[in-house]
Amino acid sequence: MKNNIIVIISCALLLGSTFSCNDFLDYEPRGVLSESDVVTPKNVDGFVNAAYASLGNDHYDTPFSLWPYGNVRSDDAYKGGSGTNDLQTFHFFEISNNIRSDFGELDKLWYLNYVGISRANKAIVALNKLSDAEYPNKQKRIAEMKFIKGHFYFMLKILYKYVPYVDETTPIEEYKNVSNRAMTDQELWNAVASNFEYAAQYLPAAQQEVGRPKKSAAYAYLAKVRLYQAYEQDDNYGITTINKATLQKAVDAANQVIGNYSLESDFGNNFMPGGYENGPESVFSIQYSDDDGTLFGRLNYGDVLSLPQGLGCCDFHKPSQNLVNAFKTNAQGLPMFDNYNETDVDYHHLENFTVDPRLYHTVAMPGLPWKYDQNKIYQESWVRSPGTYGYYASLKENVPPGCSCSVNIDPFYGNSKNRIIIRYSDVLLIKAEALIEMGQHQAALPLINQVRKRAAASNHFTGGYTDNNLIHEYEPGVNCVWSQDFARKALRWERRMEFAMEGSRFFDLVRWGIATETMNSYFAVEKTKRSYYSEAAFDHGKEEYCPIPLAQVNFSQGLYKQNNGY
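What counts, and where the lines are drawn
- Residues numbered from 1 in each chain as written.
- Predicted model: local features only at pLDDT ≥ 70, side-chain atom pairs only at ≥ 80, totals over all residues.
- Heavy atoms only, no water.
- Helix = DSSP H or I, 4+ residues; strand = E, 2+ residues; numbered from the N terminus.
- Rg over C-alpha atoms; globule rule 2.2 N^0.38 Å.
- Buried < 20%, exposed > 50% of the residue type's maximum accessible area, 1.4 Å probe, protein only.
- Contact = heavy atoms within 4.5 Å.
- Areas by Shrake-Rupley, 256 points an atom, 1.4 Å probe, with all protein chains shown as cover.
- Lys, Arg positive; Asp, Glu negative; His and termini not counted.
- Charge placed at Lys NZ, Arg CZ, Asp CG, Glu CD.
- Salt bridge = Lys/Arg side-chain N within 4 Å of Asp/Glu carboxyl O.
- Core = buried A, V, L, I, M, F, W, Y, C linked by side-chain atoms within 4.5 Å.
- Disulfide = S-S within 2.5 Å.
- Expected span 1.5 Å × (residues − 1).
- Polar contact = N/O pair within 3.5 Å; in protein donor to acceptor, adjacent residues only side chain to side chain.
- 1 Å grid on protein atoms, 1.4 Å probe; cavity = no way out; pocket = protein on both sides within 12 Å on 5 of 7 lines; lining within 4 Å.
- Points joined across faces, edges and corners; volume = space filled by probe spheres on them.
- Nonpolar A, V, L, I, M, F, W, Y, C, P; charged D, E, K, R; others polar.
- Arc of directions from axis to C-beta.
- pLDDT = per-residue confidence, 0-100.
- Axes fitted to C-alpha atoms, helices over the stretch in contact; angles between N-to-C directions.
- Parallel < 35°, antiparallel > 145°, perpendicular 65-115°, else oblique.
- Left-handed = near helix turned anticlockwise from the far one by under 90°.

Scanning the protein for helices and strands turns up 18 helices and 12 strands. Taking 24 Å as the expected radius of gyration for a compact globule of 566 residues, we find that the protein reaches 23 Å, a close match to that expectation. C-alpha extents for the protein along the principal axes are approximately 70 × 55 × 45 Å. The proportion of buried residues among the 566 residues of the protein is 63%. Of the contacts made within the protein by residues no fewer than 6 positions apart, 73% connect residues no fewer than 24 positions apart. Here the protein has roughly 20300 Å² of accessible surface; of this, 48% comes from carbon and sulfur atoms. Computed over 53 positive and 66 negative side-chain charges, the separation of the two mean positions in the protein equals 3 Å.

Before going further, it helps to examine the side chain of Thr170. Tracing the backbone shows Thr170 in the loop between helix H6 (138-160) and helix H7 (185-202). A residue is classified by how much of its surface remains accessible, and Thr170, at 17% relative accessible area, is buried. Not counting chain neighbours up to four residues away, the residues in contact with Thr170 comprise Tyr175 and Val178.

Moving on, we get to the pattern of salt bridges. Tallied over the full model, the rule gives 35 salt bridges. Here Arg511 ties to Glu433 by a salt bridge, and the two come within 2.9 Å at their closest N and O atoms. Of the two residues, Arg511 is situated in helix H16 (residues 505-512) and Glu433 in helix H13 (residues 424-437); the sequence distance between them amounts to 78 residues. Across this residue pair, the class does not change: Arg511 and Glu433 are buried. Linked by salt bridges that have partners in common, Glu281, Asp356, Arg358, Lys396, Arg423, Arg452, Arg454, Glu494, Glu498 and Glu502 make up one network.

In this structure, Tyr69, Met145, Tyr153, Tyr160, Met365, Tyr474 and Trp482 are the most contacted members of the largest nonpolar core, which totals 168 residues. Those residues in contact with Tyr474 that sit more than four places away from it in its chain are Leu334, Pro335, Phe337, Leu445, Ile448, Asn449, Arg452, Asn479, Cys480, Trp482, Phe486 and Ala490. Ranked by size, the runner-up nonpolar core spans 8 residues in total, among them Leu307, Tyr378, Trp382 and Ala393.

Turning to the state of the cysteines, a few remarks are in order. Under the defined criterion, the tally for this structure stands at 2 disulfides. Two residues share a disulfide in this structure: Cys313 and Cys314, whose sulfurs sit 1.6 Å from each other. The sign of the S-S torsion, about 75 degrees, decides the handedness of the disulfide formed by Cys313 and Cys314: right-handed. Here Cys313 and Cys314 have matching classes, each one buried. Across the disulfide from Cys403 sits Cys405; the S-S distance is 2.2 Å. An S-S torsion of about 125 degrees defines the bridge between Cys403 and Cys405 as right-handed. Under the relative-accessibility criterion, Cys405 is labelled buried at 5%. Cysteine pairing for the protein, with bonded cysteines counted in sequence order: 1-2, 3-4.

For helix H15 (residues 484-499), spanning 16 residues, the distance from its first C-alpha to its last is 22 Å, which sits close to the expected 22 Å at 1.5 Å a residue. For H15, the tally of buried residues reaches 13 of 16 residues, placing the bulk of the element in the interior. The positive-phi residue at the C-terminal boundary of H15 is Met501, with phi of around 70 degrees.

Along the chain, the position of Lys149 falls in helix H6. Here the side chain of Lys149 touches Glu168 through a polar contact of 2.7 Å, side chain to side chain. Ignoring any residue separated from it by four or fewer positions in sequence, one finds Lys149 in contact with Ile117, Ala120, Asn121, Ile124, Asp167, Glu168 and Asn195.

In this section: empty space enclosed by the protein. Taken as a whole and judged by the stated rule, the model has 9 cavities of 30 Å³ or more. What the largest cavity holds in volume is close to 550 Å³. Along the wall of the largest cavity there are 34 residues; nearest its centre are Ser65, Arg419, Ile420, Ile421 and Glu502. For the lining of the largest cavity, the elements supplying multiple residues, two or more each, are helix H3 (67-72), H6, helix H8 (215-230), strand S12 (419-423) and H15. Tallying contributions element by element places S12 first for the lining of the largest cavity, with 5 residues. By residue class, the composition of the lining of the largest cavity is 15 nonpolar, 9 polar and 10 charged.

Right, let's talk about helix H9 (residues 244-255) for a bit. Between its first and last C-alpha atoms H9 spans 16 Å; for 12 residues at 1.5 Å apiece the expected length is 16 Å, and the two agree. Along H9, the residues classified as buried are Thr246, Leu247, Ala250, Val251, Ala253 and Ala254. Projected onto a plane normal to the axis of H9, the buried residues spread over an arc of 165 degrees and lie on a single side. Those residues of H9 that are buried lie in contact with H8, strand S3 (239-242) and H13. The backbone nitrogen of Ala245 lies 2.9 Å from a side-chain oxygen of the residue at the head of H9, namely Asn243.

Before going further, it helps to examine unusual backbone geometry. In this structure, Cys314 follows Cys313 across a cis peptide bond, with omega equal to 20 degrees. Along the chain, Cys314 falls in the loop between strand S4 (282-286) and strand S5 (316-319). Cis geometry marks the peptide bond from Asp410 to Pro411; its omega dihedral reads 10 degrees. With respect to the helices, strands and loops of the structure, Pro411 is situated in the loop between strand S10 (406-409) and strand S11 (412-415). The phi dihedral of Asn278 falls on the positive side, at around 55 degrees, and the residue is not glycine. Residue position: Asn278 is located in the loop between H9 and S4. Residue His317 is not a glycine yet carries a positive backbone phi of 55 degrees. Within the fold, His317 resides in strand S5.

So, about the confidence of the model for the protein. Mean pLDDT over the protein works out to 93, with 93% of the residues at or above the 70 mark. Below a pLDDT of 50 lies the segment residues 1-27, which in the model reaches 74 contacts outside its immediate sequence neighbourhood of four places, other chains included.

For the rest of this paragraph, the subject is the packing of H15 against H16. At a minimum axis distance of 10 Å, the contact between H15 and H16 shows a crossing angle of 160 degrees. As summarised for this structure, H15 and H16 are arranged roughly antiparallel, according to the angle between their axes. Handedness of the crossing formed by H15 with H16: right-handed. For the pair H15 and H16, the contacting residues are Leu491, Arg492, Arg495 and Arg496 in the first and Arg505, Asp508, Arg511 and Trp512 in the second.

Structure follows, in structure tokens:
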């Protein structure tokens, strides 16, 4: 059994219904202590465990990995499945067309995030009823709950932009009076950040149980929040300014993390199960298990659809040709920034291209080993709808064949491999991005090169079947001119290569204010290759964010204000 927190309480996922925050607050889940129960040092951990349980209480149509919204909605991935009608909501996000506020998937995702927030708030209220003498871990546990609450609010913020903010001081009877516009955009970012600031102050430098966040994890998440906050938007989601004072806060927080972790020796280590989990690069991970005494274990249900049909079900979440092309490198081992998409990588003739080694850790291709197993070659016949979505498959969230961490939950195969929320490479690139936007691009160079140097060495798993890897560090005056503009381009490219298929690409584009131009350029090419993109078009000032779920607007009796255009 993994050395993690044994989560003893889980939330039943109710499909086919809509929920409001008020409904949840009136509902007492079985096995969860209510606030009316006597809070004692012995039972208060029930509240804490319930909040931790929420981190893994997602589902394939409401995934906390955000693959439909961060990857499929971007230029990194196709929806996949049996066709465009299969999980049609995600098809509409893929082509940026017919996105509606009445989508049940958006409502359930909203609800599940607020379940996590509510549980964290209830735990804090319960903990505050005890003295430090009665419960010596009081401040540490409150800090953990603040961290979890901040995590859920961050997801809500990047998905919906404007959401109602409630904390442990908000009386339950007042929830119905809290508008999603009670705070400005900046005020809401500050509220999210305050959770990580508190956590950074009170969390210990080390935790005995690896599933609990520690001080450096809070600083890492704080750096991420401040980076997003620095790109200030107008009412149409255009970037009006990049606030240097807020960028400095991101740098300051990142500095509290740098040196406390290290990059894995091989990029692929981050995405392997078993002894690779909770490695030196994992700043905070969701802990899953398959042998915890329950029927199937604590599996990652959010990503079960990505396994190719030949290995299980159901061939969703498929890397785009554009993403594969982006891994190409030039004769100097640098990205092909301007012409990468002029010709397509052909997996039948990989010898015709030189590529960033991270390609083979991110994308499965016919003729190559599945998840590094040279006895299990990925076949074209495994693909469900090749005429629509092509032959590539996603690797990072999947596991090697035969792994004991893979569990048959017919018709799906789930796995218990942890999912990393923040990696150390993210912290390095957060700091690099902030420095570049502050005009300190020279200081950002070694941070970006650290990540590229590790990428170049990432052939432990793939060295037996790849010989077209070519990647070099940036050397000003030798292979590049390291201006601020070039550094910005290099940083943004590095983020795409490093975090491809991990749920962040679309949110990066929105943060940078380039979602409209990037997506419409992408659509223009895809329309020549895939007929289902014929009506794809990205609408600036609208589609940067999801609509506020109609059910939530109705439950609020019109108190919640809808986002632009919906």
